[in-house]
Amino acid sequence: MKQSRLLIHTLREVPRDADVVSQQLMMRAGMIQKVAAGIYDYLPLALRSIRKFEQIVREELERDGCQELLMPTVQPAELWQESGRWQFYGPELRRFKDRKEADFCLGPTHEEVVTDIVRGRVNSYKQLPMNLFQIQTKFRDEIRPRFGLMRGREFIMKDGYSFHADDADADREYWAMFAAYKRIFSRVGVKFRPVEADSGAIGGSFTHEFHVLAGSGEDAILSCDRCEYTSNIEKTEAPRLPYPHAHEPVLGLQHAHFHTPGIIAMEEQARAFRDAEHDGLPLDHASKYYLFRASKGEASWDIGLVLRSDHEPNTVKLKNLVGADFLELVPVEEAESRAGTRSGFIGPVEIEVPTYADASLEGAFNLTCGANRDGYHHFGFRPDRDLKHFKGFHDLRLAAEGDACTRCEGGHYQAFRGIEVGQVFKLGTKYSKSMSCTFLDKEGKENPMVMGCYGIGITRTVAAVIEQNHDADGIVWPWPVAPFEVHLLNLDPGNPEVSAVAEQVERDLEAEGFEVLHDDREGLSPGAKFKDADLLGFPLRLMVGSKGLKDGVIELKDRRTKELEKFPPGEGLARVRAARERIMGELAAAAGR
RNA sequence: CGGGGCGUGGCUCAGCCUGGUAGAGCGCUCGGUUCGGGACCGAGAGGUCGGAGGUUCGAAUCCUCUCGCCCCGACCA
């Protein structure tokens, strides 16, 4: 492919509304162009990467017997009404009417449609299991699209759905897909982790997310440094920390209110408790209190949470514990009027709401807390004794880096940031029951199928690859998803001898099946071509110029290592072949790490 | 939706406060000199200043409304 013919326009400057690296580099490299908020053109270079990744996904899924099909983007409301999601799905579901005033939506996902396909065609245990997938454009009217392809409104997704005769078979498929996903992301050449996750609102039994590790990732992940336990921080089990002051009760301090004017920060609060023997208390002596408003459907109720002052609340755990769909902090003004004091002095003791305490407060006494009186804190608080509507000790805090692992002996959590690029999910019978997707078993009895669903964000993964693989000069593509494999630079297109050599090298490489972009553009200085090549970031750069040819050599540069080899033009093919072997070998060795 | 910011040639931005001929750099076209890390000279093309209304002799600039975009918080691949 001649670069002079390619639809590409590189930018020297960073476009104004691009603020994550992948978006900046993709726009500068002429891969994407924004059409509207969260909606992009995939220009030829980007599409080449996208297609390559899709092909990897196809190959690995087909190895496991999955079948590809393609469902429509536009879906009728009836199916969504049948599953009940027409009402429950938020405004991300873009609903609209056709000319006959019938309700439709743009598909954000395809459980309803695929279930409708299967219930009409599969009705015997002999036809199960069945695993169907598609690679298709989705539309979710995100509240706030951002980060380029990482959170667009329109995006390409691989979504797969499996159907099973029983739970055990659905579990088997779950782990088969788990393994397939590991193969897929290993082949791409990215560092990733499968992560235990919260099953959230979709309502399933268990789930893993696949995260590409990148400092810019939106999700926090904790991973044990000793065992395999890796989970989204929303879900990570926090170890129960023993109350360290059990054997040294603070005798000199009265169970009483302390005057603490103007003190709100936890550190200041703990420091304020002093007497002849105590110049302040440690942070684990202080407690903090949150008032949340939980809701489920139309119902809403308030709950309290007490934590050690140096711990952070985990609202996902609390939400799951109380069986709510949503959880938000009670507005400050309301909490203040309820407690009868200013924010900063609110405490749990007299407040008439069901109150939960974090497990690390079990056995704790002589804690401090707000006294519900302006300018005062209370000393001597003990949750299980002093709370009027005490609901027990539970794991309700955010686990933190350095916490002891709950799954093994001696391990500790390490923190990572990740970009969620895939998810495997055991759905159960939620959709098969509501949409009567049933089959007859060996006994002739009718049962709902057990389902699983499996997603991969195709365009997001391509962006995540760049987030993880770039340097100050541009993208550093892993070989398997690079738009082109070799960037052939003709540094002297005006010189017929140089051009002849470049043409010959291009033909040799393409005959061997290499994907070559030949920069044959005239009137550009070599420096300009180098800069463009760095920006585009194909794995290998082959340079042909009059200076090298004077010594009888052309040059090959590895984009990642910057290693440079010089050799006669006739060796070009063999050298490129060897370089590919080396790069692919390193990739296989590093797979998944 | 709440809070903050921005809309001026293809791209990055200045000009706006204090109203008076629409600018620079990059990119693009033509000619010439250059040619191994974003060369130089000369000549050009290209903008109803997001849109509508208002104030004014006169609006990119002031006022009102509106649309779009970006960032920070609640959703998700």
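Here the residue numbers are simple positions, counted from 1 along each chain's written sequence. For naming, the first written chain is A and the first written ligand is 1, with later ones following in the order written. Since the coordinates come from a predicted model, pLDDT governs what is reported: local features require at least 70, and pairs of side-chain atoms require 80 or more to be given and counted, while whole-chain, interface and lining totals use all residues.

1. Digging into the protein's contact with RNA strand B
Which entries qualify depends on this criterion: Residues are counted as near a molecule or strand when the C-beta atom, derived from backbone positions, lies within 6 Å of that molecule or strand. Secondary structure follows DSSP: runs of H or I at least 4 residues long count as helices, runs of E at least 2 residues long count as strands, and numbering of each begins at the N terminus. Basically, the charged four are Asp, Glu, Lys and Arg, the nonpolar ten are Ala, Val, Leu, Ile, Met, Phe, Trp, Tyr, Cys and Pro, and anything else, Gly included, counts as polar.
Neighbouring RNA strand B are 52 residues; G457, G527, G545, K547 and G548 lie closest to it. Mapped by element, the contributors of at least two residues to the surface near RNA strand B are β8 (154-164), β21 (413-428), β24 (450-457), α12 (458-468), α14 (526-536) and α15 (546-550). Considering each element in turn, the surface near RNA strand B owes the most residues, 8 residues, to α14. Tallied by class, residues from the surface near RNA strand B come to 17 nonpolar, 15 polar and 20 charged.

2. Considering the domain arrangement of chain A
To be explicit about the condition: For each domain, the first and last residues come from an automatic or database assignment.
As far as domains go, chain A holds domain 1 (17-236 + 415-467), domain 2 (257-394) and domain 3 (484-590). A separation of 39 Å is found between the C-alpha centroids of domain 1 and domain 2.

3. Re α14
What counts here: Think of it as a crowd count around each C-beta: if 20 or more other C-beta atoms lie within 10 Å the residue is buried, if 12 or fewer it is exposed, and in between it is partly exposed, with C-beta placed from the backbone throughout.
Among the residues making up α14, those that are buried are K529, D532, A533, D534 and L536. Just past α14, the residue G537 takes up positive phi, approximately 70 degrees.

4. Focus on unusual backbone geometry
Residue P129 follows L128 across a cis peptide bond; omega there is 0 degrees. Mapped onto the elements of the fold, P129 is located in the loop between α5 (111-121) and β7 (130-139). Positive phi, normally seen in glycine, also occurs at N372, with a value near 55 degrees. In this structure, N372 sits in the loop between β18 (367-370) and β19 (376-381). The exposure class assigned to N372 is buried, which follows from the 21 C-beta atoms found within 10 Å.

5. A few points about the pairing of strand β27 (residues 486-490)
The test is simple: For two strands to count as paired, DSSP must find a minimum of two bridges between them. When the strands point away from the viewer and the connection leading from the first strand across the helix to the second strand turns clockwise, the crossover is called right-handed.
For β27, the buried fraction is high: 5 of the 5 residues fall into the buried class. Burial of β27 is two-sided: the residues V486, L488 and N490 facing one way and the residues H487 and L489 facing the other way are all buried. The pairing of β27 with strand β28 (residues 516-519) spans 4 bridges and is classified as parallel. Following the sheet pairing, V486 is matched in β28 by V516. Crossover β27 to β28 through helix α13 (residues 496-511) is right-handed.

6. Quick look at the sheet that holds strand β5 (residues 95-97)
Rule in force here: Comment: axis = line fitted to C-alpha atoms, over the contacting stretch for helices; angle = value between 0 and 180 degrees taken between N-to-C directions.
Taken together, the 3 strands give an open sheet; going across it, the order is β4-β6-β5, and neighbouring strands pair in antiparallel fashion. Two strands lie at the open edges of the sheet, namely β4 (74-76) and β5, each paired on one side alone. Taking each pair of neighbouring strands and ignoring which way they run, the sheet shows an average axis angle of 40 degrees. Here β4 pairs with strand β6 (residues 103-106) via 3 bridges, running antiparallel. The partner of Q75 across the bridge, within β6, is C105.

7. Looking at the sheet that holds strand β29 (residues 540-544)
Put simply, the test is: We call two residues in contact whenever the C-beta atoms placed from their backbones are within 7 Å.
Taken in spatial order, the 5 strands of this open sheet run β28-β27-β29-β30-β31, and their pairing is mixed. The strands lining the two open edges of the sheet, one partner per strand, are β28 and β31 (564-567). Going from strand to strand, the sheet's axes swing by 20 degrees on average, the running direction of each strand aside. Together, β27, β28, β29 and β30 (554-558) form the strand contacts of α13, whose direction differs from that of β27 by roughly 165 degrees. α14 contacts β27, β28 and β29 of the sheet and is inclined by roughly 175 degrees relative to β27.

8. Quick look at the pairing of strand β1 (residues 32-36)
Relative to strand β2 (residues 39-42), β1 runs antiparallel, the two being bridged by 4 bridges. Each bridged residue has a counterpart across the sheet, and for A36 the counterpart in β2 is I39. Between the end of β1 and the start of β2, which pair antiparallel, lie 2 residues, with G38 showing a positive phi angle near 75 degrees.

9. Structural notes on the nonpolar core
Condition: Structurally, a nonpolar core is described as a collection of buried Ala, Val, Leu, Ile, Met, Phe, Trp, Tyr and Cys residues joined by way of C-beta atoms within 7 Å.
The biggest cluster of nonpolar side chains holds 92 residues, and the ones touching the most others in it are V486, L542 and V544. Examining the composition of this core, we find that 9 residues originate from one element, helix α6 (residues 167-188), more than from any other. Two domains each donate at least three residues to this core, and these are domain 1 (17-236 + 415-467) and domain 3 (484-590). Counting 30 residues, the second-largest nonpolar core is a separate cluster that includes A286, L291, A335 and L367.

10. Regarding the confidence of the model for chain A
Interpretation of the predicted coordinates at a detailed level should be avoided for regions scoring low in pLDDT. Our working rule: pLDDT measures how confident the predictor is about each residue, on a scale from 0 to 100.
Of the residues in chain A, 96% reach a pLDDT of 70 or more, and the chain-wide mean stands at 91. This complex was scored by the predictor with a pTM of 0.91 and an ipTM of 0.93.

11. So, helix α16 (residues 572-590)
Quick note on the threshold: A helix is expected to span 1.5 Å for every residue after the first. When we speak of the arc, we mean the arc of directions from the helix axis to the C-beta atoms.
In a regular helix each residue adds 1.5 Å, so 19 residues correspond to 27 Å; α16 covers 27 Å between its end C-alpha atoms and thus fits that length. Among all positions of α16, only G572, V576, A579 and I583 are buried. One side of α16 holds all its buried residues, which, seen down the axis, span an arc of 60 degrees. Pointing more than 90 degrees away from the buried face of α16 are the exposed residues A574, E581, G585, A588 and A589. Tucked into the core, α16 has its buried residues touching β27, α13, β29 and β30.

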